[in-house]
Amino acid sequence: MRYKFLTAAFAATVALNFAGPAAATDLEVTHWWTSGGEAAAVAELAKAFDATGNHWVDGAIAGSGGTARPIMISRITGGDPMGATQFNHGRQAEELVQAGLMRDLTDIATKDKWTEIVRPKSLLDSCTIDGKIYCVPVNIHSWQWLWLSNEAFQKAGLPMPKDWNEFVADAPALEKAGIIPLAVGGQPWQASGAFDVLMAAVGGTDTFLKVYKDKDATFAAGPEIAKVFKAADDARKMAKNTNVQDWNQATNLVITGKAAGQIMGDWAQGEFQVAGKTAGKDYTCLPGLGLNEVIATGGDAFYFPLLKDEAKAKAQVVLAETLLDPKTQVAFNLKKGSLPVRGDVDLNTANDCMKKGLAILAKGAVMPWTDQLLSQDTQKQKEDLFSEFFAKPDMSVEEAQKRFAEIIGSAD
Amino acid sequence: MSNSERPSKLFRNLNAKVASIPMVLTALVVFVGGTAWTVLYSFTNSKLLPRLNFVGLDQYHRLWSTSRWLVSIENLLIYGAISLVFSLVIGFLLAALLDQKIRFEDTFRTIFLYPFALSFIVTGLVWQWLLNPDFGVQRVVRDLGWTSFSFDPLYNSSIVIYGISIAALWQGTGLIMCLMLAGLRGIDEDIWKAARVDGIPTWKTYLFIVIPMMRPVFITTLVIIAAGIVKVYDLVVAQTSGGPGIASEVPAKYVYDYMFFAQNLGQGFAASTMMLLSVVIVIVPWAYLEFGGKKRG
């Protein structure tokens, strides 16, 4: 009797395992989405994946991409790969793919016709290495936004500026009202990113490509780029009183009206949303700093390390499909403040700023961003240069430009 | 040891020698092997993954023309000089004061040693708040009425490394004090009595009799402090993450950043080889004087 009971109990547990939702597999997904708005967005992805009967094991790594990427890479190269991981698509995972550590997704991509649904096409191009697709883009993030606090301008008795130049002209009046004109956090990538945005806005798309795509060092040392450095000099003067480190703390200065503006990617929008602010009323956004309305097609993508476990490999396919699902795309991107990677989804509930972005995207005014054009090594050198430039008022513009041209000259 | 025993010298203390084999192997494979591997790959253009594609001294050329590396070296020198001098001086003074047979010596010793129980990360965060102009010392003094008082070392590029040194001293001097105190207690009472009989003032006794007698303690202390200087990393990360700009960068952080953030192993290896070289330059002459000299003398 006793044995029978035990066997029955075992049988029951075994049966349960198999009868559970179609092979419920735990899949660990690592990412660096930890700020308020980002966490809300990633919860949407987890919800959608759990609904397929699998289980999303959240592997959030705090401290922005710079901190998270080394951890992810060392796990993959060290033989303890996760189920899937976020990277910015482009060159960050290039060598991992070349070393054969990442899963080739071409089959799934052909089956689901990704080439037809993903737009703009350049997104999928940056997932492609040697003709094979290695990542699933989930959103389009563009750096080129200027976020302005309406409250700060009211307090200083100024009309809302329409572009970067007007904003610079307003700086003295803002300072007089006790407001920091421009918030730039202390993390190196923020200063470097702000410079790239200025280059795309003040210099224009062609200038940007000539420097970062063609890596023309003579041009980078020339008068065209000197103009960009002049703008960066304005920016650092306006930002000199920002005493915060993280980008979301800097965004918070704008949300609370302590700072008038911030040059930051559209991920900042998630923060405004979490704080309950309305676009157009509480804050204003200027794509391309109001000078050059282009959207860079940077963004986030998921890469899938090559796994031996078959159940997990199957779950990877499910996750890849879930990520591109129209419903997931809408839910995720609304929370994240980014643009969806497919053009056939309904974004009626999008706010003012996202609509501006979508309109630019529809016009096809897109350009590649530094993640796609430069290696991490070059990016880091640029970060070192610009974090020094922004923090050290006595570093001359000429010296900075000279060093910038050297970095471009040796870039790969 | 007579001559007849010499051939079997290898087998003397055999048990001890067998027991130390694992550690010898670890030292050879992990330390020496790892070091050799790092130096070898510092001559390659390895990016994210190590590759044997030699490029000669390119990585070193680039390293020494990078302003961040030069700033790191300068910071290390300033930080090193400050922690060496001040932790020795303050540590010794505190120990000498505690040695005056004062009341509650145990209590004071505990208080001074307590910061050492904290990691550099915690120390860094505590001092980040204390030195923050909006919450810390500056705010307190301003609230007391001196509204123009300004003290924000962590936000001023030219003095940020001193702000970091303050935190390091706060954390580390307690240990130095304890080492010194142990050294002072090791001095025979009779020496003090003899000095007193001869009418030598106390400060002279310390300076010319006690300190020279404490040479071994000083050497131990010096090694501990020096090791702490070269490897400083976590304190900087917790306090400033190298900022403002690159004003408080240190070599160890350069190595980490270029190996992992910039995905450029070759550059990181070149930088760590330079760190090793600097340690060797300091250690070798010292070891030669210390151990080589003794045999002859």
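Keep in mind that what you see is a predicted model, and the values were worked out from it rather than measured. Residue numbers here run from 1 along each chain, matching the order of that chain's written sequence. The order in which chains are written sets their letters, starting at A; the order in which ligands are written sets their numbers, starting at 1. Confidence filtering applies because this is a predicted model: local features only for residues at pLDDT of at least 70, side-chain atom pairs given and counted only at 80 or more, and all residues used for totals across whole chains, interfaces and linings.

Draft legend 1. Region of interest: the environment of Ala 48 of chain A. Residues and elements named next belong to chain A. Per the convention used, a helix needs a DSSP run of H or I reaching at least four residues, while a strand needs a run of E reaching at least two, with both numbered from the N terminus. Relative to the helices and strands, Ala 48 is located in helix 2 (residues 36-50). Considered as a pair, Ala 48 and Leu 373 are 325 residues apart in the sequence and their alpha carbons are 32 Å apart. Non-local contacts of Ala 48, meaning those with residues more than four positions away in its chain, are made with Thr 322, Asp 325 and Thr 328. What counts as a contact here is a pair of residues whose C-beta atoms, placed from the backbone, lie within 7 Å.

Draft legend 2. Expanded view of the domain arrangement of chain B. All names here are of chain B. An automatic or database domain assignment is the source of the domain bounds shown. One can read the domain layout of chain B as domain 1 (1-41) and domain 2 (57-296). Using C-alpha coordinates to define each centre, domain 1 is positioned 34 Å away from domain 2. Nonpolar residues are Ala, Val, Leu, Ile, Met, Phe, Trp, Tyr, Cys and Pro. Charged residues are Asp, Glu, Lys and Arg, and all others, Gly as well, are polar. Grouping the constituent residues of the side of domain 1 that touches domain 2 by class yields two nonpolar, two polar and no charged.

Draft legend 3. How the structure looks around the domain arrangement of chain A. Residues and elements named next belong to chain A. In terms of domains, chain A is made up of domain 1 (25-141 + 297-364) and domain 2 (145-295 + 374-409). If you average the C-alpha positions of domain 1 and of domain 2, the two centres end up 27 Å apart. Taken together, the 23 residues of domain 1 in the interface contact 20 residues of domain 2. Mapped by element, the contributors of at least two residues to the side of domain 1 that touches domain 2 are helix 2, helix 3 (64-77), helix 17 (326-336) and helix 18 (352-363). Among the elements that line the side of domain 1 that touches domain 2, the one with the most residues is helix 18, at six residues. Class assignment of the residues belonging to the side of domain 1 that touches domain 2 gives a composition of five nonpolar, twelve polar and six charged.

Draft legend 4. Here's a closer look at unusual backbone geometry. One non-glycine residue with positive phi stands out, namely Leu 289 of chain A, at about 55°. If you trace the backbone, Leu 289 of chain A turns up in the loop between strand 10 (283-287) and strand 11 (295-296). For Leu 289 of chain A, a count of 23 C-beta atoms within 10 Å corresponds to the buried category. For Lys 101 of chain B, which is not glycine, the phi dihedral falls at a positive 55°. Put simply, a residue is buried when 20 or more other C-beta atoms lie within 10 Å of its own C-beta and exposed when 12 or fewer do; between those, it is partly exposed, and each C-beta is set from the backbone.

Draft legend 5. Layout of the interface of chain A and chain B. Chain A puts 19 residues into the contact, and the matching count from chain B is 21 residues. Mapped by element, the contributors of at least two residues to the side of chain A that touches chain B are helix 3, helix 4 (94-98) and helix 20 (376-391) of chain A. Sort the elements by how many residues they give to the side of chain A that touches chain B and helix 20 of chain A lands first, with eight residues. Its residues assigned to classes, the side of chain A that touches chain B shows six nonpolar, seven polar and six charged.

Draft legend 6. Representation of the nonpolar core in the model. The term nonpolar core refers to a set of buried Ala, Val, Leu, Ile, Met, Phe, Trp, Tyr and Cys residues connected through C-beta atoms within 7 Å. Grouped together as the largest cluster of nonpolar side chains are 153 residues, with contacts concentrated most on Leu 198 and Tyr 303 of chain A. Top contributing element to this core by residue count: helix 10 (residues 188-203) of chain A, with nine residues. If sequence neighbours within four positions are ignored, Leu 198 of chain A has contacts with Val 228, Ala 231, Ala 232 and Ala 235 of chain A. The next biggest cluster of nonpolar side chains, apart from the first, holds eight residues, and it includes Leu 94, Phe 112, Ile 176 and Met 177 of chain B.

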